[in-house]
Amino acid sequence: MHDLITSPFQGDHLVLRPGSPKGLKIPRVKFVQLKAAVSGGEAIPAWLADAVNRSWGIDLTGRCAAGTVLVREPGPYEFSRATWEINLGCDYDCVMCYLGEKRFEGLDMTGKRRLLEVMAAAGVIWLQMTGGEPLIDPDFPGAYRFAHELGMQVEVLSNGSRLHKDHVLALLVELPPSKMSLSVYGATADTYDTVTGNRGAFERFTAGLEKAASAGLHLDLSLIITRQNAHEAEAMRAWAKRLALPFREYANLSPTIHGTAEPLPSQSPEHLTHRAPFTGCPAGVTFFHADPFGRASICKVGRRPNIDLIAEGVEGLARLGGIAGSLMLRTGGCTGCQLSDSCRVCRPMAKVFQEAKAPLHHYCQHGMREATR
Ligand code: SF4
Ligand code: SF4
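How each quantity is defined
- Residues numbered from 1 in each chain as written.
- Chains lettered and ligands numbered in written order.
- Predicted model: local features only at pLDDT ≥ 70, side-chain atom pairs only at ≥ 80, totals over all residues.
- Heavy atoms only, no water.
- Near = heavy atom within 4 Å.
- Nonpolar A, V, L, I, M, F, W, Y, C, P; charged D, E, K, R; others polar.
- Domains from an automatic or database assignment.
- Axes fitted to C-alpha atoms, helices over the stretch in contact; angles between N-to-C directions.
- Helix = DSSP H or I, 4+ residues; strand = E, 2+ residues; numbered from the N terminus.
- Parallel < 35°, antiparallel > 145°, perpendicular 65-115°, else oblique.
- Contact = heavy atoms within 4.5 Å.
- Phe/Tyr/Trp six-rings, centres within 6.5 Å; stacked < 30°, edge-to-face > 60°.
- Lys NZ or Arg CZ within 6 Å of the ring centre and 35° of its normal.

1. Description of the site of ligand 2
In the region of ligand 2, the neighbouring residues are Arg 330, Cys 334, Cys 337, Ser 340, Cys 343, Ala 350, Cys 364, Gln 365 and His 366. Classifying every residue of the shell around ligand 2 by side-chain character gives 5 nonpolar, 3 polar and 1 charged.

Rendered as structure tokens:
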């Protein structure tokens, strides 16, 4: 496998090291020089060997550029990021899950490889593999390895339930993810197992977390705060700090992707925070989402309309920008809203809250004003 990736990116050119969150920006002239060194079978340029040594502490001096550096070609659009639910199946049954019914279904391995090839051709450099729980998919190792071979930097979003298994950890150590984001559902076995609906889950998670941290993976914790574990929020923060791991908190629950309300009773009222006003987002323009069947949508929330990437290939993505524009219009339950300029949620998010008949103060300024009167 290559040691470095070089790729055009939004008018610049980057050098990346698989599995490292760091990157180097290089001028176009050096990108062209590097590309020529690869195609001509020359040694990697001295300036690159120096820069790589300074950034990553590895010595590639004199190494043949071909085989050491993978050159990515620019995609036809502006896409550089994608998320992919390899499968919606999960070994947990969390009370607040936004996926609703989680069916274990999707593309076979041939389809998965085709989808990844389309993503690479579209210019995707940073790929987030998620689920469901991605590590329980039997095709995960093959798909993960193939994404690396195509020169993508892969982040894995996981509940961490399988990290304690040696063969799972061995793959992640051999080909490190650029980031491994792990959800945390409690600080004690009682609470964690209640939230996840899975007895013994806390013990397995704790064992896996310790192994992954000791192995030096780039871990990032997502503390999921719900009504059921809110009393352990401080203990969850303390746990992350003790492990010296970066963490973020997610306390605002959403309806399911099907627009149903099951997660909402788990909202912790005292942790419901007001988001900053929505000022736009690059969904459908610089990133897209793919579901287990290879259907591309603007993001995980605005799932329809979507584009069948297996049938249409990379050309299908040409329509996604137009879909994004139409999904952002303040239509439906937001039609004519005088507060839309300072709204705190995008239209796709407002739509799922409205379909779920969620309490207005969870997302909409009309309800927030009422709640503070
Ligand atoms: S949910 Fe809204 S803000 Fe988030 S990515 Fe989708 S469109 Fe953008
Ligand atoms: S404030 Fe409420 S009604 Fe207005 S745009 Fe936002 S979600 Fe829609």
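2. Examining the domain arrangement of the protein chain
You'll often see interface size given as the accessible area lost when the parts meet. Structurally, the protein chain comprises domain 1 (4-71), domain 2 (81-319) and domain 3 (328-372). Using C-alpha coordinates to define each centre, domain 1 is positioned 47 Å away from domain 3.

3. Digging into the packing of helix α4 (residues 140-149) against helix α5 (residues 166-174)
Put simply, α4 and α5 touch, their axes get as near as 11 Å, and they point 0° apart. On the basis of the axis angle, α4 is roughly parallel to α5. From α4, Phe 140, Pro 141, Tyr 144 and Arg 145 reach across to α5, where they touch Leu 171, Leu 172 and Glu 174. Taken together, the residues of the contact of α4 with α5 break down into 5 nonpolar, no polar and 2 charged.

4. A few points about the packing of aromatic side chains
In the structure shown here, the tally under the stated rule is 12 aromatic pairs. Look at Phe 140 and Tyr 144: their rings are 5.1 Å apart centre to centre, the planes differ by 20°, and that puts the pair in the stacked class. Within this pair, Phe 140 and its partner Tyr 144 are both found in helix α4, separated by 4 residues, close to a single helical turn. Each residue in the set Tyr 92, Tyr 185, Tyr 192, Phe 202, Phe 205 and Trp 239 is aromatic and connected to the rest through ring pairs, giving one cluster. Above the plane of the ring of Trp 126 lies Arg 81, whose end atom (NZ or CZ) is 4.5 Å from the centre. Positioned over the ring face of Phe 146 is Arg 113, at 3.9 Å from the centre of the ring.

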